[in-house]
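# Coordinate analysis (summary)
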Amino acid sequence: IYGNPDYAKGFDLVIHDECAADANDPAVVAGVLKPHQDGMPGVNLHCAMHSYRSGEWRKSVTPGAANASWFEYLGLQTTGHGPQLPIAITFVDKKHPIVKGMADWTTSNEELYDNINVLTSHALARGKQGTKENDAGNVIIWTNEYGAKKTRVFSTTLGHNNGTVEDPCY
């Protein structure tokens, strides 16, 4: 489907649960984003955050720059993750309908993705590994409104290991 801007035709939602870290051609990225630019909602799980990156994506991107398009869709830029350790999850917008009624919890071993640049995302939950004082934690569950049509986007960096995905809290 890479580069085919009509890949989502006939669907109501696109779920990005792929690892396409090597899909970095700007034309391919534009094709993947086209349905979302047209208003198709998106859900992004774990490795999708590290997909469709082009240019100097390891540096903090500037909105509007050629290498920022995937991160603008997500609403947050992440470039890597730490070790596989449990993540303590704290819900920060407990009234949001997506997470209403959910309780803070700790995962089994999981990858905590970094937050290089929090763009336009709305944090629903943050996660921490370890006990760093004054650490608010990284955004790990969020929403975003993307582009001119304010396309609804939901993302979570959780989900590397089956133990997390199998957990009823997930």
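Everything that follows concerns the structure shown earlier in this document.
Residues numbered from 1 in each chain as written. Predicted model: local features only at pLDDT ≥ 70, side-chain atom pairs only at ≥ 80, totals over all residues. Heavy atoms only, no water.

It is worth spelling out the overall build of the protein at this point. The number of helices and strands found in the protein is three helices and nine strands. When the helices and strands of the protein are read in sequence order from the N terminus, they spell out β-α-β-α-β-β-β-β-β-β-β-α. Relative to its length of 170 residues, the protein is compact, with a C-alpha radius of gyration of 16 Å against a globular reference of 15 Å. Taking the principal axes of its C-alpha atoms as reference, the protein extends roughly 45 × 30 × 30 Å. Looking at the protein as a whole, 44% of its 170 residues qualify as buried. Nonlocal contacts in the protein, meaning residues at least 24 apart in sequence, comprise 65% of its contacts between residues at least 6 apart. Taken as a whole, the protein presents about 8,900 Å² of accessible surface, with 52% of it coming from carbon and sulfur. Considering the protein, the positive charge centre built from 14 side chains and the negative charge centre built from 19 side chains are found 7 Å apart. (Helix = DSSP H or I, 4+ residues; strand = E, 2+ residues; numbered from the N terminus. Rg over C-alpha atoms; globule rule 2.2 N^0.38 Å. Buried < 20%, exposed > 50% of the residue type's maximum accessible area, 1.4 Å probe, protein only. Contact = heavy atoms within 4.5 Å. Areas by Shrake-Rupley, 256 points an atom, 1.4 Å probe, with all protein chains shown as cover. Lys, Arg positive; Asp, Glu negative; His and termini not counted. Charge placed at Lys NZ, Arg CZ, Asp CG, Glu CD.)

This part takes up the sheet that holds strand 4 (residues 81-91). Strand order across the open sheet formed by seven strands is 1-2-9-8-7-4-5, with mixed pairing between neighbours. Of all strands in the sheet, those bounded by a partner on one side alone are strand 1 (14-16) and strand 5 (105-113). On average, each strand axis in the sheet is inclined to that of its neighbour by 25°, with strand direction left out of account. Two strands pair when backbone bridges link them, and strand 2 (residues 42-45) and strand 9 (residues 151-156) are joined in this way by four bridges, in the parallel orientation. Across the sheet, the residue bridging to L45 is T156, located in strand 9. (Pairing = 2+ DSSP bridges. Axes fitted to C-alpha atoms, helices over the stretch in contact; angles between N-to-C directions.)

This brings us to the pairing of strand 4. In terms of strand pairing, strand 4 meets strand 5 through six bridges, oriented antiparallel. Across the sheet, the residue bridging to I89 is W105, located in strand 5. Bridge count between strand 4 and strand 7 (residues 122-128): four bridges; the pairing is antiparallel. Within strand 7, the residue paired with A88 across the bridge is K128.

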